[in-house]
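Chain by chain, the residues run as shown.
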Amino acid sequence: MRILVLGGAGYIGSHTVYELIARGDEVIVVDNLETGHREAVHKDAIFYEGDIRDRAFVDFVFEKQKVDAVIHFAANSLVGESMENPLKYYDNNVCGTKVLLESMVAHGIDKIVFSSTAATYGEPERIPILETDKTEPTNTYGETKLSMEKMFKWTGRAHGLRFVSLRYFNACGADETGCIGEAHAPETHLIPLILQVPNGKRDYISIFGDTYPTKDGTCVRDYIHVTDLAAAHILAVKYLVDGGESNIFNLGNGVGFTVKEVIETARKVTGHEIPAKVEGIRAGDPAVLVASSEKARTVLGWNPVHNELEEIIASAWNWHKNHKDGYQ
């Protein structure tokens with residue numbers, strides 16, 4: 001197949017491109033490199049630098065490259081920034097997707113897999129979270145992703161577009177080759193922040209609250225290896241190509257780990273003491289976020305294989321210890 005990956009120079013996008021090419025698919029990558037890295041783009045992918053808010057650019061790509069389906073990762077994704085600058089998120093995430101869909105409709109491209117987020121749920125009403133649970137985002141980032149999902153739904157009703165939206169939790173880890181990995185600036189994800197300590201980038205890791213109603217008082221999160229996430233996106237493309245109807249799936253391991261458990265596992269993997277300091281609770285941090293992914297397992301045939309926390313952190317450490325400054 002010929003797959004267009006939007007945001008294919010980013011963290012999850014680049015890993016998905018690597019997996020697609022390993023399967024023998026032809027891949028076209030579009031990325032404006034605002035947060036992505038040219039060095040992360042697979043050498044066998046066709047690359048276009050540009051912005052999906054630019055209709056002429058998107059039209060040019062579709063006219064130049066015949067594609068069977070689109071995988072859409074192109075979005076701003078920092079929760080804190082989204083609250084400080086919400087219009088940036090509406091402009092890039094929502095307006096960009098509107099332009100993309102206009103061009104897809106004009107060029108008769110009717111299949112898209114969307115990288116969504118558990119932030120569409122807001123505060124969970126139960127654990128594990130199900131796809132049928134209410135969606136009441138508590139931040140602009142989650143609200144824009146939910147708006148994008150609804151845009152796919154209504155475009156589908158009007159123009160026959162079929163979509164899969166994948167709502168996932170904490171992406172982590174790195175490709176087993178160590179060629180690509182996680183490199184954000186600023187970094188906000190727990191595992192790479194922890195690994196900055198043994199890498200000499202920070203003196204200690206902060207724990208934001210240790211009085212939550214969990215087994216050790218710290219927040220519980222569901223961590224999914226980025227390669228498993230990539231596999232889910234590829235299965236979702238196959239599902240659509242095989243005639244599947246528009247659908248939404250959670251992606252998670254169904255098992256949560258506390259912040260302290262993640263830190264302790266990182267100590268074991270790195271052999272570093274990794275000092276930790278308890279800070280105040282951050283507003284808007286739920287005690288527990290764990291997904292049910294039974295639907296994805298049943299319908300898509302998705303089966304995460306890198307679900308041991310030690311393996312996840314070891315793959316991340318393999319990347320970070322050899323790329324202390326990311327792709328710089």
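Parameters at a glance
Residues numbered from 1 in each chain as written. Predicted model: local features only at pLDDT ≥ 70, side-chain atom pairs only at ≥ 80, totals over all residues. Heavy atoms only, no water. Helix = DSSP H or I, 4+ residues; strand = E, 2+ residues; numbered from the N terminus. Expected span 1.5 Å × (residues − 1). Contact = heavy atoms within 4.5 Å. Buried < 20%, exposed > 50% of the residue type's maximum accessible area, 1.4 Å probe, protein only. Pairing = 2+ DSSP bridges. Right-handed = clockwise from strand over helix to strand, strands pointing away. Salt bridge = Lys/Arg side-chain N within 4 Å of Asp/Glu carboxyl O. Phe/Tyr/Trp six-rings, centres within 6.5 Å; stacked < 30°, edge-to-face > 60°. Lys NZ or Arg CZ within 6 Å of the ring centre and 35° of its normal.

Visitor: Looking at this structure, I do not really get helix α10 (residues 309-320). What am I missing?
Guide: Note: α-helices contain 3.6 residues per turn, so residues at a spacing of three or four share the same orientation. Compared with the 16 Å implied by 1.5 Å per residue over 12 residues, the 16 Å span of α10 between its first and last C-alpha is a close match. Packed against the buried residues of α10 are β7 (170-172), α6 (190-195), β9 (220-225), β11 (256-258) and α8 (259-270).

Visitor: Before we go on, may I ask you to explain the pairing of strand β5 (residues 111-115) in this structure?
Guide: Regular strands have side chains that alternate between both faces of the sheet. With five of its five residues buried, β5 lies for the most part within the structure. Residues of β5 alternate between two faces, with K111, V113 and S115 on one and I112 and F114 on the opposite face, all of them buried. Bridge analysis of strand β4 (residues 69-72) against β5 gives three bridges, and the strand direction is parallel. Following the sheet pairing, H72 is matched in β5 by F114. Pairing analysis gives five bridges linking β5 to strand β6 (residues 162-168), with the strands arranged parallel. Directly across from F114, in β6, lies its bridge partner S165. What joins β5 to β6 is helix α5 (residues 140-159), and the crossover it makes is right-handed.

Visitor: What is the right way to read the pattern of salt bridges from this model?
Guide: A side chain of one charge can pair with a side chain of the opposite charge when the charged atoms of the two come close. Taken as a whole and judged by the stated rule, the model has 20 salt bridges. Between R23 and D25 there is a salt bridge, and its shortest N-O distance comes to 2.8 Å. Judged by its relative accessible area of 47%, R23 falls in the partly exposed class. When its relative accessible area of 10% is taken as the criterion, D25 is described as buried.

Visitor: Could you clarify how one ought to interpret the packing of aromatic side chains in this entry?
Guide: Across all of its chains, the model carries five aromatic pairs by this definition. Taking 6.0 Å as the distance between ring centres and 85° as the angle between the ring planes, the aromatic pair formed by Y48 and F60 counts as edge-to-face. Of this pair, Y48 sits in strand β3 (residues 46-49) while F60 sits in helix α2 (residues 55-64), and the two are 12 residues apart along the sequence. Between W319 and Y327, the ring centres sit 4.9 Å apart and the planes meet at 50°, which makes this aromatic pair tilted. There is no split in this pair, since W319 and Y327 are both buried. Members of the aromatic cluster, each reached through a chain of ring pairs, are F114, F152 and F163. Across from the ring centre of F249, 5.2 Å away, lies the NZ or CZ of K295, which sits over that ring.

Visitor: Even after reading the chapter, I still don't get helix α7 (residues 226-241), so can you show me in this structure?
Guide: Over its 16 residues, α7 extends 23 Å from the first C-alpha to the last, a length consistent with the 22 Å expected when each residue adds 1.5 Å. Of all 16 residues in α7, 12 are buried; the element is thus mostly enclosed. What α7 keeps buried is the set V226, T227, D228, L229, A230, A232, H233, I234, A236, V237, Y239 and L240. Downstream of α7 by a residue or two, G243 has a phi angle that is positive, lying close to 100°.

Nothing here speaks to function; it is all geometry.
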